[in-house]
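Spelled out, the chains give:
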Amino acid sequence: MEALLKKELGTSMLKASGHSGGGCISEGQSYDTDSGRVFVKINHKSQARLMFDGEAASLDAIVKTETVKVPKPMKVIDLKTGGAVFVMEHVDMRSLHKYSAQLGDQLADLHLHNQRQRERRDKEEQTVGKGSGQSDVPVIEKYGFHTTTCCGYLPQVNDWQSDWVAFFTQQRLQHQLGLLEQSCGDREAQELWSQLQLKIPKMFEGAQVHPALLHGDLWSGNVAESSDGPVIFDPASFYGHGEYELGIAGMFGGFGSAFYSAYHKKLPRAPGFETRKQLYQLFHYLNHWNHFGSSYRGSSLRIMRDLLK
């Protein structure tokens, strides 16, 4: 693999730096090269290319907003033995502590970026000499993404839709339940879902939803800080409802009050926020059920029952 990396990166030096990492999906290793240190993610599964292409597109989209720091993507390379590697900027990171409030503030900026772009465009269209100073980031009017992204190793359906409730119901929850139907055919889950999907539109009454660029998998294991501020990584991006991000943020340890205070200072809670947070957490419990098995069945069914009360 090292010979392949040297060739693809155009470097004569490739030396493992001793920094390694990885989660339950991929392994990781940092290397020193002629042009600086890089971080390389390695996955030998057949779907690795799809997964890494989606992650690279996600990082690229977040980089262009200039709101919150992410490692800059460099290159996805196919392995001759199967699988792929993803080369990105190396960032020295430690656990999030000092910059928790700053992360909340910057995440709100990420979620507001597309809306601010639209407002700027609309203002320019009413001004003589329109078009000056336009951003490289296009204004997105629908929900979805231009390519497939993976939450974990499962591909997400990101087909563009103009209605968020329809997008989330069909392409997130229904998709996950369809995968469960194929793998285990859980009758109780399907019965609860047949009732729940009818109630979902009412959960969005009073909420104004605008397409926002999301990290898509923002749990505490995908955030950190560097010497100058917060860093987020391992995204599964798409354009969706900003509140969606706070679903998994409240799971698996979650974030401190400083993070939420800073976030909600810019994006206040809308009516029905707590109910929708549960709905968004349901997606992640279903996704974990599909990844890791029936240990997540109880949590998934409990949320469905709670939402039906």
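Values in this document were obtained by computation on a predicted structure and should not be read as measured data.

(A) Molecular detail of the pattern of salt bridges. Summed over all chains, the structure comprises 23 salt bridges. Ionic pairing is found between Glu141 and Arg121, a salt bridge with its closest N-O pair at 2.9 Å. You can see Glu141 sitting in the loop between helix H3 (100-125) and strand E6 (149-151) and its partner Arg121 sitting in helix H3, a full 20 residues away along the chain. In this structure, the salt-bridge partner of Asp306 is Lys309, at a minimum N-O distance of 3.3 Å.

(B) Broad picture of the packing of aromatic side chains. This structure, assessed with the given rule, holds 22 aromatic pairs. Aromatic side chains Tyr143 and Trp164 sit 5.5 Å apart centroid to centroid with 55° between the ring planes, which places their arrangement in the tilted category. Of this pair, Tyr143 sits in the loop between H3 and E6 while Trp164 sits in helix H4 (residues 164-183), placing them 21 residues apart in sequence. In this structure, Tyr143 and Trp164 share a single accessibility class: buried. With 6.1 Å between their ring centres and 75° between their planes, Phe168 and Tyr244 make a pair best called edge-to-face. In this pair, Phe168 is assigned in helix H4 and Tyr244 in the loop between strand E11 (238-240) and helix H6 (245-249), connecting sequence segments 76 residues apart. Judged by its relative accessible area of 0%, Phe168 is buried. An aromatic cluster is defined as three or more aromatic residues linked by ring pairs; in this entry it consists of Tyr143, Trp164, Phe167, Phe168, Phe204, Phe238, Tyr244, Tyr280 and Phe283.

Rules used throughout
Residues numbered from 1 in each chain as written. Predicted model: local features only at pLDDT ≥ 70, side-chain atom pairs only at ≥ 80, totals over all residues. Heavy atoms only, no water. Salt bridge = Lys/Arg side-chain N within 4 Å of Asp/Glu carboxyl O. Helix = DSSP H or I, 4+ residues; strand = E, 2+ residues; numbered from the N terminus. Phe/Tyr/Trp six-rings, centres within 6.5 Å; stacked < 30°, edge-to-face > 60°. Buried < 20%, exposed > 50% of the residue type's maximum accessible area, 1.4 Å probe, protein only.

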